[in-house]
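# Architecture and fold: a report
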Amino acid sequence: MEDLALKERKFNRFITIVSIVVPLVVALLFGVKIDGVERMGFLPPIYAAINGLTAILLIAAVMAIKKGDQALHQKLMTTCIGLSLVFLVLYIIYHMTSESTSYGGEGISRYIYFFILISHIVLSIVVIPLVLKTYAKGYLGNYESHRKFAKITFPIWLYVAISGVVVYLMISPYYVN
């Protein structure tokens, strides 16, 4: 029991550090532009597709665990975390090589776009410690606590994944070629 508590404290320390460092690094790198590098304009549809795939796999993972397939659930969730990391790297690369695109829509669509964008950004920061904490609970075999966290984490992560696709679809007509 004491060994489990020690492992959980180590995970919590790691989770806290990652949850602070990742948003700070992304914010800092967002302002960095690499001179002399070709614009990576092909990346947004790729990372939007990664968000879409993450959403599908999150749903598949929930279905797997409801059917009692813990091994498949774990593989799918690990894949979702990996996809989120790939998304993050591609997102940073794009913004370090390209100017941000302004949304060109007007009227109600503009308000909807910014509502979805802002909620997506805020929840993408909030979900980092939730995902890591939920994953750690499952990894350590604390399944009761894992389930409690997952009930909060799953809908937020699913919203972040889906809203990422929606943001891309809404802004894609305004990308500069």
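The following refers to the structure shown. (Residues numbered from 1 in each chain as written. Predicted model: local features only at pLDDT ≥ 70, side-chain atom pairs only at ≥ 80, totals over all residues. Heavy atoms only, no water.)

Glancing now at the overall build of the protein chain. Along its length, the protein chain carries five helices and zero strands. Written out in order from the N terminus, the α and β elements of the protein chain read α-α-α-α-α. When the backbone C-alpha atoms are referred to their principal axes, the protein chain occupies close to 55 × 35 × 25 Å. Residues classed as buried in the protein chain amount to 37% of the 177 residues present. A separation of at least 24 residues holds for 81% of the contacts in the protein chain among residues at least 6 apart in sequence. Surface summary for the protein chain: the accessible area is close to 10,800 Å², and the carbon and sulfur share equals 71%. In the protein chain, the 15 positive side-chain charges and the 9 negative ones have mean positions that sit 9 Å from each other. (Helix = DSSP H or I, 4+ residues; strand = E, 2+ residues; numbered from the N terminus. Buried < 20%, exposed > 50% of the residue type's maximum accessible area, 1.4 Å probe, protein only. Contact = heavy atoms within 4.5 Å. Areas by Shrake-Rupley, 256 points an atom, 1.4 Å probe, with all protein chains shown as cover. Lys, Arg positive; Asp, Glu negative; His and termini not counted. Charge placed at Lys NZ, Arg CZ, Asp CG, Glu CD.)

With that settled, the discussion passes to the nonpolar core. One recurring pattern in soluble globular proteins is that nonpolar side chains are buried together. Residues Tyr47, Leu58, Tyr113, Trp157 and Tyr175 are the most contacted members of the largest nonpolar core, which totals 34 residues. The set of elements that each furnish at least two residues to this core consists of α2 (43–66), α3 (70–97), α4 (108–139) and α5 (143–171). Setting aside chain neighbours within four positions, we find leucine 58 in contact with Met77, Cys80, Phe154, Trp157 and Leu158. (Core = buried A, V, L, I, M, F, W, Y, C linked by side-chain atoms within 4.5 Å.)

Within the structure shown, the criterion is met by eleven aromatic pairs. A ring pair is formed by phenylalanine 87 and tyrosine 91, whose centres lie 5.6 Å apart and whose planes are at 25°; its orientation type is stacked. One end of the pair is phenylalanine 87 and the other is tyrosine 91, both in helix α3 and four residues apart, which spans about a single turn. A relative accessible area of 16% means that phenylalanine 87 is categorised as buried. These aromatic residues form a ring-pair network of at least three members: Tyr47, Phe87, Tyr91, Tyr94, Tyr168 and Tyr175. (Phe/Tyr/Trp six-rings, centres within 6.5 Å; stacked < 30°, edge-to-face > 60°.)

With that settled, the discussion passes to the packing of α2 against α3. Helix packing for two helices is described by the angle between their axes and how far apart those axes are. Interhelical geometry of α2 versus α3 gives an angle of 165° and a closest axis separation of 9 Å. Classified by the interaxial angle, the pair formed by α2 and α3 is roughly antiparallel. The crossing of α2 and α3 is left-handed. Within the contact of α2 with α3, the residues separate by chemical class into 24 nonpolar, seven polar and no charged. (Axes fitted to C-alpha atoms, helices over the stretch in contact; angles between N-to-C directions. Parallel < 35°, antiparallel > 145°, perpendicular 65-115°, else oblique. Left-handed = near helix turned anticlockwise from the far one by under 90°. Nonpolar A, V, L, I, M, F, W, Y, C, P; charged D, E, K, R; others polar.)

Attention now moves to the packing of α4 against α5. Two elements in contact, α4 and α5, have axes whose closest approach is 7 Å; the angle formed by their N-to-C orientations is 150°. In terms of orientation, α4 lies roughly antiparallel with respect to α5. α5 is crossed by α4, and the crossing has left-handed handedness. Of the residues contributing to the contact of α4 with α5, the split by class is 21 nonpolar, eleven polar and two charged.

So, to be careful, I would describe these as geometric facts and stop short of saying anything about function.
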